[in-house]
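Chain by chain, the residues:
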Amino acid sequence: MTDQAISARCPALGRDDRKSAAVARAGAGGVPMRVVGNFADARGLLRDPDARQAGFLADLVNKVSLTRAPILYQHGAEHRRQRGATARFFAPRVVTTAYRALMEQTSDALVTRLVADRHANLDDLGLEMAVTIAAEIVGLTDSDRAGMAKRLGALVTGMPQGDSRLATILGFARGQARSIHFLLRDVKPAIAARRRQRREDVISHLLDEGYSDREILTECLTYGAAGMITTREFITMAGWHLLEDEALRARFLEGDEATRMAILEEILRLEPVVGMLFRRVDTEAGVIALDVRGANADAAAVGGCPHRLDPDRETAERVGRAGLAFGDGEHRCPGAQVALQEAAIFLDRLLRVPGIRLTRAPDIGWNGLIAGYELRGATLACDGAAS
Ligand code: HEM
């Protein structure tokens, strides 16, 4: 069913609250493979133990000769072992204790700066927030953070995404140069510090496992793309909805933690940052595209009027509120609670700033690597000191 047909079925005036629908329609054009768009089939495939990662340039990554591929590209027993070993960095107790304090401090610092300057870019604040938290989990804490945010941002938007072979090669070469810069400025100092003394983070764990510097670099890049870039877009998108919708904002600010989470998960369901996932079940059959946006708008799973932003919606049994926005099965995002928690804490602080308003809505672009939207230039202004 087309997007328009789904919205037209909704008695609430065919309402479509999605800000990223148009850019996704244009960006998704012509995926040359089988596309699965309904929730049950897409989830079934993500849970299929024989389904292998085929997205995020998996073919390219597999060609680079590494003894161990980053976690996102691993499969089977080795993947399960790495997930088990890194689960402690994402345990709910760790997220709500160790990282919570950092999320609060970082939010306070960003909001204080915004108030002093009277203006800021929401997407820049989102990037700084996301980079700070993910860097702590990964262990990238021995270089200047603002610089690292820029280096990572440039790296991920510079990834090869063109259709032609030349565009891919040029993009790859540019990506390689930027990777070396990131390795020297950020990854090497972090490794050196942890060789002297291990800490409770991913890099220390990888050193214990005997990973080489190059393998640690690719793992850091994976976390950079998976954890930092996605969360930045999500914070910006959620902030945009909340700043524009007064009733939603009041509900978010007056509600308890559960209410804030329900609102954020509903925004992510409606506007998934990662729009497509890719899997290969057997080499003969080729790659299958899983349309996360389509699955998240499947009324059988998420209830009626799926294009409406409705934090009270009742999803079907065993369907999470964010749909497939964090994936499912063996690669399901381990950072889901981290992302939701940091967005909730930061946006709560931000929306309480006196006179906070969006003076310019973001431009919406498209990132082919994650088949998702990129929001840039969302300008905030405020009146004065935070209460
Ligand atoms: C709103 C923010 C986020 C979104 C939308 C998101 C989305 C996703 C999705 C869809 C996957 C599965 C990919 C697949 O199955 O092919 C994934 C995997 C992953 N995510 Fe996230 N993510 C977010 C935040 C984070 C954060 C904050 C971290 C860590 C700090 C993180 C770390 C990872 C890692 C390491 C994987 C690979 C897991 C594996 O392959 O086993 N993500 N993410």
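Now for a quick tour of the structure.

Reading guide: rules and limits
- Residues numbered from 1 in each chain as written.
- Predicted model: local features only at pLDDT ≥ 70, side-chain atom pairs only at ≥ 80, totals over all residues.
- Helix = DSSP H or I, 4+ residues; strand = E, 2+ residues; numbered from the N terminus.
- Buried ≥ 20, exposed ≤ 12 C-beta atoms within 10 Å, placed from the backbone.
- Contact = placed C-beta atoms within 7 Å.
- Expected span 1.5 Å × (residues − 1).
- Near = placed C-beta within 6 Å.
- Pairing = 2+ DSSP bridges.

### Some remarks on the environment of Leu 375
With respect to the element layout, Leu 375 can be found in strand 8 (residues 372-376). Note on Leu 375: 26 C-beta atoms within 10 Å, which makes it buried. Separated by 14 residues in sequence, Leu 375 and Ala 361 place their C-alpha atoms 9.0 Å apart. Residues within four places of Leu 375 in sequence aside, it is in contact with Asp 123, Glu 233, Thr 236, Met 237, Pro 362 and Ile 364.

### Looking at helix 17 (residues 336-351)
Along its 16 residues, helix 17 runs 22 Å from first to last C-alpha, staying within 8% of the 22 Å computed at 1.5 Å per residue. Burial of helix 17 is extensive: 12 of the 16 residues sit out of reach of the surface. Within helix 17, burial applies to Val 338, Ala 339, Leu 340, Gln 341, Glu 342, Ala 343, Ala 344, Ile 345, Phe 346, Leu 347, Arg 349 and Leu 350. Of the surrounding elements, those touching the buried residues of helix 17 are helix 6 (92-96), helix 7 (98-117), helix 8 (122-138), helix 12 (213-244) and helix 14 (257-270).

### Overview of the site of the ligand
Looking at the ligand, there are 25 residues lining it, with Gly 227, Gly 327, His 331, Cys 333 and Gly 335 nearest. Considering each element in turn, the shell around the ligand owes the most residues, six residues, to helix 12.

### Considering the pairing of strand 8
Where burial is concerned, most of strand 8 is hidden: four out of the five residues are buried. Two elements, strand 7 (residues 363-367) and strand 8, share five bridges in a ladder whose sense is antiparallel. Looking across to strand 8, one finds that Ile 364 is bridged to Leu 375. Linking two consecutive strands that pair antiparallel, namely strand 7 and strand 8, is a turn of four residues; a positive phi of about 45° is found at Ala 371 within it.

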